[in-house]
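Topology and contacts: notes
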Amino acid sequence: MKNKLYISLIGLAGLTTFFSCTDINHLHEPYLDRGEQIYLGKPDSIHMFSGKNRVLADVWFSDVKAKNLVVKYNGDIDSICIPLVRDPEHPLRSDPVSIEIPDVNEGIATTFKFIIYDANMKYKSLTVEALGSAYGNDYQESIQNRILTNTTYKNGQLKIVWLSTGSTQIQYTEIKYISENGEEMTHKLMPTETECSFGVQAGSKVRYRSVFLPEETTVDLFYTDYKAVSYTHLTLPTIRL
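None of these values were measured; they are calculated from a predicted model. (Residues numbered from 1 in each chain as written. Predicted model: local features only at pLDDT ≥ 70, side-chain atom pairs only at ≥ 80, totals over all residues. Heavy atoms only, no water.)

**A closer look at the sheet that holds strand β6 (residues 97-102)**
A sheet is described by the order of its strands in space; here three strands give the open sequence β2-β3-β6, paired in antiparallel fashion. Of all strands in the sheet, those bounded by a partner on one side alone are β2 (45-50) and β6. Sheet twist, expressed as the mean angle between neighbouring strand axes with direction ignored, is 25°. Note that strand β3 (residues 54-60) and β6 share six bridges and pair antiparallel. Note that in β6 the partner of A57 across the bridge is I99. (Pairing = 2+ DSSP bridges. Helix = DSSP H or I, 4+ residues; strand = E, 2+ residues; numbered from the N terminus. Axes fitted to C-alpha atoms, helices over the stretch in contact; angles between N-to-C directions.)

Here you go:
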């Protein structure tokens, strides 16, 4: 009786092992059918820079087989494929490849997915994600020209007094005018300056606009619309002896 029970237990154990192995093989079969999966080296590092409806990315990679870079963004709706070509002046692996990602939605930080491919787009790397953001119309509509408070024009010299600005995003205010000899000129008023003076052709137009940079690392400048400077042509009286 004991021998029969022993044999039964051995048989049961064998069946259990058989079915266990069958289940495991069943799970592995899809992967075995694919063959060995070869992955390229993923990007070593990615630095993102905001722009106007675009993002620039510096990508470091070391795999010599890396020839193409696919970037997915805007919820994977948009994607681009960029050839990975090193700058001849910076051919080392320690030098990044700079790429432009266009048509990026303005707003909160977006997830960008970077995948490296070989020359034939057959093998790829694991995905590396990076956060980036862009500026657009909302920011453009929020910026305003620097405010001028007074203008004085005497004997060809135009003096403009400006209100102090507390904005750290204004880079300068660009003033375009016609000089006394008829040449078109541009003057840059820096944020720390509150007045400027230059020779202007009588009756000519003077226009100005302010230039903004949203962040220190932003790659694009933003410009307000030009605004005309109103001034009255005053001539000092001639003293006759």
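**Side note on unusual backbone geometry**
Although it is not a glycine, N53 sits at a positive phi angle of roughly 55°. Take N53: it is sitting in the loop between β2 and β3.

**Brief notes about the confidence of the model for the protein**
Of all residues in the protein, 81% have pLDDT values of 70 or greater, and the mean over the chain is 85. Per-residue pLDDT, averaged within each element of the protein, yields its smallest value for helix α1 (residues 2-34) (48) and its largest for strand β16 (residues 222-223) (98). Taken as a whole, residues 5-13 scores under 50 in pLDDT and shows zero contacts with residues more than four places along the chain or in a different chain. Throughout residues 236-241 the model reports pLDDT below 50, and contacts reaching past four residues in sequence, or to other chains, amount to two contacts. (pLDDT = per-residue confidence, 0-100. Contact = heavy atoms within 4.5 Å.)

**Quick notes on the packing of aromatic side chains**
Scanning the entire structure with this criterion turns up seven aromatic pairs. Relative to Y139, the ring of Y135 has its centre 5.3 Å away and its plane inclined at 65°; by these criteria the two rings are edge-to-face. With relative accessibility at 10%, the residue Y139 sits in the buried group. Centroid distance Y139 to F222: 5.0 Å. Interplanar angle 75°. Geometry classified as edge-to-face. (Phe/Tyr/Trp six-rings, centres within 6.5 Å; stacked < 30°, edge-to-face > 60°. Buried < 20%, exposed > 50% of the residue type's maximum accessible area, 1.4 Å probe, protein only.)

**What to know about the pairing of strand β15 (residues 207-212)**
Each regular strand shows side chains that alternate between the opposite faces of the sheet. Of all six residues in β15, five are buried; the element is thus mostly enclosed. Note: strand β12 (residues 170-178) against β15, six bridges, orientation antiparallel. If you follow Y172 over to β15, its bridge partner there is V211. Direction of pairing for β15 relative to β16: antiparallel, over a ladder of two bridges. Across the sheet, V211 pairs through a bridge with Y223, a residue of β16.

**Considering the environment of A66**
Among the structural elements, A66 can be located in the loop between β3 and β4 (68-73). Residues A66 and P83, spaced 17 residues apart in sequence, show a C-alpha to C-alpha distance of 9.1 Å. Apart from residues lying up to four places away in sequence, A66 is in contact with F61, L84, I116 and Y117.

**A word on the pattern of salt bridges**
As a working rule, side chains carrying opposite charge can pair if their charged atoms are close by. Here the structure, examined in full by the defined rule, presents six salt bridges. The partner of R54 in a salt bridge is E100, with the nearest N and O atoms 3.6 Å apart. In this pair, R54 is assigned in strand β3 and E100 in strand β6, connecting sequence segments 46 residues apart. By relative accessible area, E100 is classed as partly exposed at 41%. (Salt bridge = Lys/Arg side-chain N within 4 Å of Asp/Glu carboxyl O.)

**Considerations on the nonpolar core**
One finds V71, I99, I101, F112 and F114 to be the most contacted residues of the largest nonpolar core, which totals 24 residues. Residue assignment for this core shows that the elements contributing at least two residues are β2, β3, β4, β5 (78-83), β6, β7 (110-117) and β9 (128-132). Listed in part, the 14 residues of the second largest apolar core include W162, L189, V200 and V206. (Core = buried A, V, L, I, M, F, W, Y, C linked by side-chain atoms within 4.5 Å.)

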